[in-house]
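# Fold and contact review
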Amino acid sequence: MVLFKRIPRLFREELFRNLMLMILMIVGMSVVLGGAIGNAAIINTNQDVRNVSALESGNFTLFDKANNETLKKIEDKDVLVEEQFYYDLDAGEGRTLRVFKNREKIDLIHFYSGEKASNEDEIVLEEHYAEKHSYEIGDTITISGKNFEITGICCAPDYTYVKKNPSDLNSNPEKFSIAFVDESAFSKFEGTSVYSYAYILGNNAANKDVRKILSDSEQLQTFLIQENNTRITAYEDDCSLMKNASLITGIVFMVLIAYILTIFVKSIVENEKAVIGTLYAMGYLRGELIRMYMLLPVMLVLISSIISILLGYFVTSDLLAEDSIALYSMPTLQKTISPGIILYGLIMPLCVTVLVNYITLRRNLNRNPIDLLRRAQRKTMHTSGKFRKMPFFAVFRIREFLSEIGSNVILCIGIFVATLLLVLGFTIESGMNYYVEHVSDEIGYKYEYTLKQFPEEVPEGAETILQKSLHYSEGDMDIFMVGISEDSKYFNITASKKTDEMTVSDAFAKKYELAVGDTVKLKDILNDKEYSLKIDSIVPYSYGLCVFQNIDTMRSTFDLNKNFYTGIISDHKLSLDSDMILSVTTEDDVIDAAKLLSNNMQMMMLLMEGMGLIVFAAVIFLIVRILIGKSAFSISLIKIFGYNQHEINQVYLGVPLIVTLISCVVSVPLCSKIVQKIYPYLTKDLPAYFIGTLDLRMDLYLVAYMLIMYLIVNLFLMRQTNKISLSEVIKERE
């Protein structure tokens, strides 16, 4: 069709504007699609490994090795059980390796390279630990004074999140990981192992059956089903959340693109009025013109969508998955482009473009050919009579604003979306920084020893504590109840002395919006009992989600022996027999874990902040560039009247500046309120509380970044007004 020959010309005439529109869409949608593809790949890859690795239904630890009678009772319930005993061994330089013997039935490991250990001097390392410390197959590693040759690099399905304890905030592959050795090597380790078992339920079995048998044996120390094991489930919760957030962001972004396309198409019609009038006079129908003028934006969106999908698959998916890959131990990602991604990334943008363009073109092409040929302007609101006493330039700016009210509204919406991304990125960064700086503020001790055997006397200067993991069902989160001494020198807390009450950390209270007087239901998974406890006070405590009782009161609450405790805390390192210790946590471990979590979030924060700045700059440039193009006649006319370039910029760039400033002033606090509402949802799976507000430093950074970006964009826009020549007036004559 002859009409379509105009499309390349239309593209070239506004080449920079068209490219900016494509860049805006490519940047936004590639990040959205990359987030969806990357997180889906993580979920699918781990699910594939689960299907072939015989993943456990749950695990438990006992104070002593299970006798044959107890194991037979469990197996008679159609349950497969396997020993997974382990030692936490010194790997030098403050590192700990949890060493298991090779597995045969349950939680089978996946090899990146190499093979299993088959001799007593061979070992297989977890991949993150090997990478962090530059170990390769064939290297030698020393563990507890014995040398081992590395024969394989692996990951384990039950340690996807390689945490020392399931309740830990996050993993730290610098200091802790897992390894596997042959049974002959395992039997030669000194001391007492941890008696851990994994099990898989048969078709007719249930977790409660296993727990009941173990409870009757009076040997049960811990009991953890798969659904509550953060080592197994954390990646799926996090990646599902990020995938859904990406898809929702994409919908919001496409709404913004739709609004910009509306202005884009209207500006084409305004610039082509004489041509359109001529085509009408030649007998072309409105439908034919709609198809012609729809083709350019459709082609731009089609090309942008294809590029976005390719960038999302090959580039941004890897960048956005980088944090998760660094956090979770899993096989090499197997990425695929699902039909859903094609529909979302290609079909949805095209449908939105066609719909928006059709509605806009149909309305704007419904005009008299004579009016189009004469370049007649639509009637606009007259304001001169209403503002007679105001200066000329002030009145002119008001008229410019009112005549382009729709474009200015879209500019506000674009700035709001960009500000929301920026505020979210800066809020996450601010929250992480605050947590890292204050996580150890209320921790008065340097060492915490969790014990499996107990000394006859508590070492001098140390205190006993009682810890119990409880499930808070309303938040679907495991928390710790800590029993502390009345005169504790390590806790500046007056803990509740009533069995139906508890003292609550402010981290727990803020995360779930609890107040003094509220009643909270906590479930003891180990014994399958639920407790309703009233909050008697809220105390400052940032490390984890904790509630407190007096240690004697807690023993009564849970029917424990009057001298029972689970650990010892101290301000110095204790000389305890290694066979007594289940795990050791130092103040440095707490701080390092917080820093590592913050580092793992860096890529996501940078992408959100970068995307926000790009959207901010692109929206301002596109909208104002279109407005300048529509005002070319007016700018040319006032140049003829003798106004200098500075005065012209004051009029035609002053209005967008005022709109931008007002939008920023309104958007920043409004977006902060919105982020405060959604922030708890984004951090709901983390066993800690992160503040959802910006500190002053981050506020200043945000304002500075937006101001610098606007000034850069404004330089380009000033060049556009400078390029408009005096001949534009002649072009507009009848």
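Residues numbered from 1 in each chain as written. Predicted model: local features only at pLDDT ≥ 70, side-chain atom pairs only at ≥ 80, totals over all residues. Heavy atoms only, no water.

Relative to the assigned elements, aspartate 536 resides in strand β17 (residues 529-539). For the pair aspartate 536 and alanine 515, spaced 21 residues apart in sequence, the C-alpha separation works out to 9.0 Å. Those residues within four positions of aspartate 536 in sequence are excluded, and the remaining contacts are Ser496, Glu501, Met502, Thr503 and Val516. (Helix = DSSP H or I, 4+ residues; strand = E, 2+ residues; numbered from the N terminus. Contact = heavy atoms within 4.5 Å.)

Here the focus is the side chain of threonine 353. Checked against the element boundaries, threonine 353 lands in helix α10 (residues 339-364). Setting aside residues up to four positions removed in sequence, threonine 353 forms contacts with Leu261, Pro297, Val298 and Val301.

Our focus in this paragraph is the pairing of strand β15 (residues 501-505). Across the five residues that make up β15, a large majority, five, are buried. Both faces of β15 are covered, namely the face carrying Glu501, Thr503 and Ser505 and the face carrying Met502 and Val504. Where β15 meets β17, five bridges bridge the pair, whose relative direction is parallel. When the sheet's bridge partners are listed, glutamate 501 is paired in β17 with lysine 534. Examined bridge by bridge, β15 and strand β18 (residues 546-550) share two bridges and lie antiparallel to one another. Looking at the pairing, valine 504 lines up with valine 547 of β18. (Buried < 20%, exposed > 50% of the residue type's maximum accessible area, 1.4 Å probe, protein only. Pairing = 2+ DSSP bridges.)

Given a rise of 1.5 Å per residue, 42 residues ought to cover 62 Å, and the 60 Å separating the end C-alpha atoms of helix α7 (residues 230-271) matches this to within 8%. The opening residue of α7 is asparagine 229, an N-cap whose side-chain oxygen sits 3.0 Å from the backbone nitrogen of arginine 231. (Expected span 1.5 Å × (residues − 1). Polar contact = N/O pair within 3.5 Å; in protein donor to acceptor, adjacent residues only side chain to side chain.)

On to the packing of α7 against α10. For the pair α7 and α10, the least separation of the axes is 9 Å and the interaxial angle reads 30 degrees. It follows from the interaxial angle that α7 and α10 lie roughly parallel. Crossing hand, α7 versus α10: right-handed. Along the contact surface, α7 presents Ser246, Leu247, Gly250, Ile251, Met254, Ala258, Leu261, Thr262, Val265, Lys266 and Val269, while α10 presents Tyr344, Met348, Pro349, Val352, Thr353, Val356, Asn357, Thr360, Leu361 and Asn364. A per-class count over the contact of α7 with α10 returns 13 nonpolar, seven polar and one charged. (Axes fitted to C-alpha atoms, helices over the stretch in contact; angles between N-to-C directions. Parallel < 35°, antiparallel > 145°, perpendicular 65-115°, else oblique. Left-handed = near helix turned anticlockwise from the far one by under 90°. Nonpolar A, V, L, I, M, F, W, Y, C, P; charged D, E, K, R; others polar.)

Bringing unusual backbone geometry into the picture now. Phi is positive for aspartate 107, close to 55 degrees, though the residue is something other than glycine. Judged by relative accessible area, aspartate 107 falls into the buried class, the value being 0%. One non-glycine residue, aspartate 559, lies in positive phi territory at about 55 degrees. Relative to the helices and strands, aspartate 559 resides in the loop between α15 (551-557) and β19 (567-570).

Applying the stated rule across the entire model yields 21 salt bridges. Glutamate 14 is the salt-bridge partner of arginine 625, the closest N and O atoms lying 2.9 Å from each other. With arginine 625 in helix α17 (residues 602-630) and glutamate 14 in the loop between α1 (6-13) and α2 (15-53), the pair connects residues that are 611 residues apart, well separated along the chain. Across the pair, glutamate 14 and arginine 625 agree in class, each one buried. Here lysine 446 makes a salt bridge to glutamate 587, at a shortest N to O gap of 2.9 Å. With lysine 446 in the loop between α13 (405-438) and β12 (447-451) and glutamate 587 in helix α16 (residues 587-600), the pair connects residues that are 141 residues apart, well separated along the chain. (Salt bridge = Lys/Arg side-chain N within 4 Å of Asp/Glu carboxyl O.)

A separate point is the packing of helix α18 (residues 632-640) against helix α19 (residues 645-652). Two quantities define a packed helix pair, namely the angle between the axes and the distance from one axis to the other. One way to put it is that α18 packs onto α19 with a least axis distance of 10 Å and a crossing angle of 145 degrees. Of the two possible hands of crossing, α18 and α19 adopt the one that is right-handed. Judged by residue contacts, Ser634, Ile635, Ile638 and Lys639 of α18 engage Gln645, Ile648 and Tyr652 from α19. Taken together, the residues that form the contact of α18 with α19 break down as four nonpolar, two polar and one charged.

What follows covers the side chain of serine 667. Topologically, serine 667 is positioned in helix α20 (residues 654-682). Note on serine 667: relative accessible area 4%, which makes it buried. From its side chain, serine 667 meets the backbone oxygen of serine 663 in a polar contact 2.6 Å long. Once you skip the residues sitting within four places of it in the chain, serine 667 turns out to touch Ile415, Phe416, Thr419 and Ser672.

In this section: the environment of lysine 146. Mapped onto the secondary structure, lysine 146 falls in strand β8 (residues 146-155). The spatial distance from the C-alpha of lysine 146 to the C-alpha of serine 430 is 45 Å, given a sequence separation of 284 residues. Residues within four places of lysine 146 in sequence aside, it is in contact with Glu120 and Ile141.

A sheet is described by the order of its strands in space; here four strands give the open sequence β2-β10-β1-β11, paired in antiparallel fashion. Only two strands of the sheet have a single partner each, and these edge strands are β2 (79-83) and β11 (220-225). With direction set aside, neighbouring strand axes in the sheet form an average angle of 20 degrees. Each of β1 (58-62), β2 and β10 (195-201) touches helix α3 (residues 68-75); the most contacted strand, β2, lies at about 145 degrees to it. Together, β1, β2, β10 and β11 form the strand contacts of helix α6 (residues 207-217), whose direction differs from that of β11 by roughly 175 degrees.

Two aromatic rings, taken as a pair, are described by how far apart their centres are and by the angle between their planes. According to the stated counting rule, one finds 31 aromatic pairs in the structure shown. Look at tyrosine 472 and tyrosine 512: their rings are 5.0 Å apart centre to centre, the planes differ by 65 degrees, and that puts the pair in the edge-to-face class. Of the two residues, tyrosine 472 sits in strand β13 (residues 463-472) while tyrosine 512 sits in the loop between α14 (506-511) and β16 (519-524), which places them 40 residues apart along the sequence. Across this residue pair, the class does not change: tyrosine 472 and tyrosine 512 are buried. In textbook terms, an aromatic cluster arises when at least three aromatic residues are bridged by ring pairs, as seen for Phe60, Phe85, Tyr195, Tyr197, Tyr199 and Phe223. In this structure, arginine 103 packs its charged tip against the face of phenylalanine 100, placed 4.8 Å from the ring centre. (Phe/Tyr/Trp six-rings, centres within 6.5 Å; stacked < 30°, edge-to-face > 60°. Lys NZ or Arg CZ within 6 Å of the ring centre and 35° of its normal.)

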